[in-house]
Amino acid sequence: MSVLSESLILHKTVKKHYLSLAKGTECQVTYVWIDKTKEHLQCKTRTLNNEPAGIRDIPEWDAFWTDGDPTEVILIPVRMFRDPFTLNPNKLVLCEVLDSKRDPIGGHQRSHCVQVMEKVKRFEPWFGMEQEYMLFGLDGKPFGWSPQGCPLTGVSCAVGINKVYGRDICICHYRACLYAGVMICGTNAEALASQWEFQVGPCEGTESGDHLWMARYILHRVCEDFGVVASLDAKPFRQSVYTSGCHTNFSTKEMRSEGGLLYIEEAIRRLSRRHSQHLCVYDPHGGADNMSRLCSQSLTSSYDEFSAASGRRNVSVRIPDHVSRRGCGYFEDRRPAANCDPYSVMRALVETCLLGLTSDCFHPANTC
C-alpha cells in the first residue's frame, strides 16, 4: 500500500468525527457548476441560516474563473439535491453560469436548451442518457490493471475479480445518487476492466441534463473518497478499440403511443440529413473526440457515414428490437461521446427531429 493510500484511509476515518459534531439549524449548500471547458466541474460551499425549502430559497453567488483571462461570474441556482456526503439537511445545487450582463458564459448551453424545450413541450420529449466512464489510479494507469495489461472481456455486465475492477465505487455512486434525488435508473460493468456505466432518466426536457451533470459531480466526489480518478474521455485507453460514450435515448408522446414507430422512423430520416452537424456538438471539441472514437469497431458506428438499424449496436442510431416488435417506444442515438454536454445533445435532437432545423450549424452558441 502506498503512503498516499494510507493517508487517504486515515483522512476518511478522521473525517467521521467531525461530521458527527452537532450543529444548529444552519445548512451547508454546495454550489456546483460547469467550467469553461464544458467538460469539468467546480464547486464551493456556503452556509445558509436555515434549510432551503426550494431552489428559490438559495441565493445567487459569485465565482472567479482563473483559467485564461480572469473572469468574475454569477452562479444562478437551477436545481437542488440532497447532499450525500454531509447528509441532509445540507444540499447540492447545480448552477448556471452568467456573465456580468447576465448572459450565459463560456459556451454554456443550458439556457439555450431551456428555450428550445419550451417550444416543444407539447411533444413531451423524454431523454435517457447512458454515461460510460473509466477508472484510473493516481499514477495515471487504469485502476486495478496488472503490469501485463487489461483482462479484456469484450462484453459488458461481467462478474468476477479477474474481469472487473471498481465495483464498490460503482455501488457507492449509485447509492449516493439515489440519496441525492438524482434520477439514476441503473448501472453495469463495461467491456474494459475498470470501465463502468450508469444510466439517468427517463426525464423530460432539460431535467435530464441537470441530473446527468449532478450524477457526474457525485461520481467525481465518490472517487475522491476511494483515491481514484473517473475519466469521461471518449477514448480512455489509446491502445484499445474500446471507447466511452453517452448513448442518448429519445422519445416523444407520439413515439411512445400506438403506431409510434412511424414517428421514430421519420425522426431518424431527419437525423440522417444532419449527421455531420450533430457530430459537431456531440463532444466538447467540435467532433474531434468522436473522430477517434467512432471507428466502426467495438460496437461503434462510422464517423463519416450515418447508419440506422433495429437490434444492432454498431450503428449511429439504433431502434431497440423490443420497440420494433411493439411498434412504439424510443430510439437510441449512439453517437454522443462520454464527455458530451447533455444540453447540447438534447437541444440538437429536438431541433432536428421536432423543429425540422435544416441549417448547416446549430445557433447561436453551437458552431461547427
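Residues numbered from 1 in each chain as written. Predicted model: local features only at pLDDT ≥ 70, side-chain atom pairs only at ≥ 80, totals over all residues. Heavy atoms only, no water.

- The protein goes by Glutamine synthetase in an unreviewed UniProt entry, where it is assigned to Lates calcarifer.
- As its UniProt record puts it under Sequence similarities (unreviewed entry), the protein is described as follows: "Belongs to the glutamine synthetase family." (UniProt positions renumbered as here; feature names shortened; annotations may be inferred.)

### Considerations on the environment of Pro202
- Relative to the helices and strands, Pro202 resides in strand S8 (residues 195-204).
- Along the primary structure Pro202 and Ile184 are separated by 18 residues, whereas in three dimensions their C-alpha atoms are 8.9 Å apart.
- Contact partners of Pro202, with chain neighbours within four places excluded, come to Trp126, Phe127 and Met183. (Helix = DSSP H or I, 4+ residues; strand = E, 2+ residues; numbered from the N terminus. Contact = heavy atoms within 4.5 Å.)

### Quick look at the pairing of strand S3 (residues 61-65)
- Burial along S3 is one-sided: the face carrying Trp61, Ala63 and Trp65 is buried and the face carrying Asp62 and Phe64 is not.
- In this structure, S3 lies alongside strand S4 (residues 71-82), joined through five bridges in antiparallel fashion. Its bridge partner lying in S4, Trp65 is registered against Thr71. (Buried < 20%, exposed > 50% of the residue type's maximum accessible area, 1.4 Å probe, protein only. Pairing = 2+ DSSP bridges.)

### With respect to the environment of Ala191
- Within the element layout of this structure, Ala191 appears in the loop between strand S7 (184-189) and S8.
- Residues Ala191 and Lys163, spaced 28 residues apart in sequence, show a C-alpha to C-alpha distance of 9.1 Å.

### Describing unusual backbone geometry
- A cis amide bond, omega 15 degrees, links Asn88 with the succeeding residue Pro89.
- Within the element layout of this structure, Pro89 appears in the loop between S4 and strand S5 (91-98).
- The peptide bond linking Gly201 to Pro202 adopts the cis configuration, its omega dihedral lying at 0 degrees.
- Phi is positive for Lys38, close to 65 degrees, though the residue is something other than glycine.
- Relative to the assigned elements, Lys38 resides in the loop between strand S1 (27-34) and strand S2 (41-48).

### Examining the sheet that holds S5
- The sheet built from five strands is open, its strands ordered S2-S1-S5-S4-S3 with mixed pairing. Pairing within the sheet leaves two strands with one partner each, and these edge strands are S2 and S3. Adjacent strand axes in the sheet meet at a mean angle of 40 degrees when their direction is disregarded. (Axes fitted to C-alpha atoms, helices over the stretch in contact; angles between N-to-C directions.)

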